[in-house]
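# A look at the structure
For reference, the chains in residue letters:
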Amino acid sequence: AQRSGLTQALGTTRTIMAIWQFDISFIERGGPSPRRTDDGHEVPSLPAERTRQANAWLNVVFGSPWEMMDGWYVFGEEAGNRVDLFTNPDESSELSARIDLRANPSTFITNICELGNVLGCAFFSAELWSHIEPAPIDIAQAIGASRAAAYVQNPVGFLRDIAGGA
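Quick look at the structure, then. The model shown is predicted, which means the values in this text are computed figures rather than measured ones.

This paragraph deals with the overall build of the chain. Along its length, the chain carries six helices and nine strands. Counting across all 166 residues of the chain, residues that qualify as buried make up 40%. Intrachain contacts of the chain at a sequence separation of at least 6 include 56% that bridge at least 24 residues. For the chain, the exposed surface amounts to about 8600 Å²; the carbon and sulfur share of it is 51%.

Moving on, we come to the environment of tyrosine 73. You can see tyrosine 73 is positioned in strand β5 (residues 72–76). For the pair formed by tyrosine 73 and valine 83, sequence separation is 10 residues and the distance between their alpha carbons is 8.3 Å. The residues touching tyrosine 73, leaving out its near neighbours within four places in the chain, are Pro65, Trp66, Glu67, Val83, Asp84, Leu85 and Thr87.

With that out of the way, let us pick up the packing of helix α2 (residues 48–62) against helix α3 (residues 106–119). The N-to-C vectors of α2 and α3 enclose an angle of 150°; their axes lie 10 Å apart at closest approach. Classified by the angle their axes make, α2 and α3 are roughly antiparallel. Judged by the sense of rotation from one axis to the other, the crossing of α2 with α3 is right-handed. For the pair α2 and α3, the contacting residues are Arg50, Gln53, Ala54, Trp57, Leu58, Val61 and Phe62 in the first and Phe108, Asn111, Glu114, Leu115, Val118 and Leu119 in the second. Its residues assigned to classes, the contact of α2 with α3 comprises nine nonpolar, two polar and two charged.

The terminal C-alpha atoms of α2, which comprises 15 residues, lie 20 Å apart, in line with the 21 Å expected from a rise of 1.5 Å per residue. Every buried residue of α2 is listed here: Ala48, Thr51, Ala54, Trp57 and Leu58. Within two residues after α2, glycine 63 carries a phi angle of roughly 85°, on the positive side.

Rolling a probe over the atoms, with the probe sized like a water molecule, indicates the empty space that remains. Under the defined criterion, the tally for this structure stands at one cavity of 30 Å³ or more. Space inside the largest cavity adds up to approximately 40 Å³. Ile27, Glu28, Gly31, Pro32, Pro44, Ser45 and Leu46 are the residues that line the largest cavity. Of the residues assigned to the lining of the largest cavity, the class counts are four nonpolar, two polar and one charged.

Side-chain positions along a regular strand alternate between the two faces of the sheet. For strand β7 (residues 93–100), a buried count of seven out of eight residues is recorded, marking the element as mostly surrounded by other parts of the structure. Bridge count for strand β1 (residues 21–28) against β7 is five bridges, and the pairing is antiparallel. By the bridge assignment, aspartate 23 is partnered in β7 with arginine 98. Of the pairings in the sheet, the one linking strand β6 (residues 82–87) to β7 comprises six bridges and is antiparallel in character. What sits directly across from valine 83, in β7, is alanine 97.

Counting residues in hydrophobic clusters, the biggest one holds 28 residues, and the most contacted among them are Ile24, Phe26, Leu95, Ile99, Ile112 and Ile139. Secondary-structure elements contributing two or more residues to this core are β1, α2, β6, β7, α3, β8 (121–125), α4 (136–144) and α5 (147–153). With near-sequence residues (within four places) excluded, isoleucine 24 lies in contact with Ser96, Ala97, Ile99, Ile112, Phe123, Phe124, Ser125, Ile132 and Ile139.

Now for unusual backbone geometry. Even without being a glycine, glutamate 91 presents a positive backbone phi close to 75°. Considering the arrangement of structural elements, one finds glutamate 91 in the loop between β6 and β7. Relative accessible area serves as the criterion here: at 47%, glutamate 91 is assigned to the partly exposed category. Its identity as a non-glycine residue notwithstanding, tryptophan 129 has a phi of 45°, on the positive side. Here tryptophan 129 is to be found in the loop between β8 and β9 (130–132). Relative accessible area serves as the criterion here: at 28%, tryptophan 129 is assigned to the partly exposed category.

Rules of the game
- Residues numbered from 1 in each chain as written.
- Predicted model: local features only at pLDDT ≥ 70, side-chain atom pairs only at ≥ 80, totals over all residues.
- Heavy atoms only, no water.
- Helix = DSSP H or I, 4+ residues; strand = E, 2+ residues; numbered from the N terminus.
- Buried < 20%, exposed > 50% of the residue type's maximum accessible area, 1.4 Å probe, protein only.
- Contact = heavy atoms within 4.5 Å.
- Areas by Shrake-Rupley, 256 points an atom, 1.4 Å probe, with all protein chains shown as cover.
- Axes fitted to C-alpha atoms, helices over the stretch in contact; angles between N-to-C directions.
- Parallel < 35°, antiparallel > 145°, perpendicular 65-115°, else oblique.
- Left-handed = near helix turned anticlockwise from the far one by under 90°.
- Nonpolar A, V, L, I, M, F, W, Y, C, P; charged D, E, K, R; others polar.
- Expected span 1.5 Å × (residues − 1).
- 1 Å grid on protein atoms, 1.4 Å probe; cavity = no way out; pocket = protein on both sides within 12 Å on 5 of 7 lines; lining within 4 Å.
- Points joined across faces, edges and corners; volume = space filled by probe spheres on them.
- Pairing = 2+ DSSP bridges.
- Core = buried A, V, L, I, M, F, W, Y, C linked by side-chain atoms within 4.5 Å.

Below is the structure:
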């Protein structure tokens, strides 16, 4: 099958993230759901109009992005809270947010919820394989069930658990 967008650029939509980060994708309300693939998952692209809205909003709220790769724009810090906008040749895009749990992400979460609502999107967590409403309380509940939260709450215990109790 032909891959598009981020999947084509990276070979999978599962990008490398630190254990203290929680990733969510923006998905259109009423649109197709993400699907599992042999090498991770595929998130449906947002249409060109939503891409333009997102880009304008992100530039106002977060300032100018930096370009990770051709067509892949990052708003925020590489190792902190950030929003990634990966544009496709047809002007559609994949939009995702990476939440850094090492510090209080409340303002960032409020911002991405506002963006989700402006775009008419919900969020999707591939880790939890679930839809998340664009409301801070819903994101907080999802984060609470994540590996990132388990690590931040008890790094030694988390590492011990993944090492098989050694």
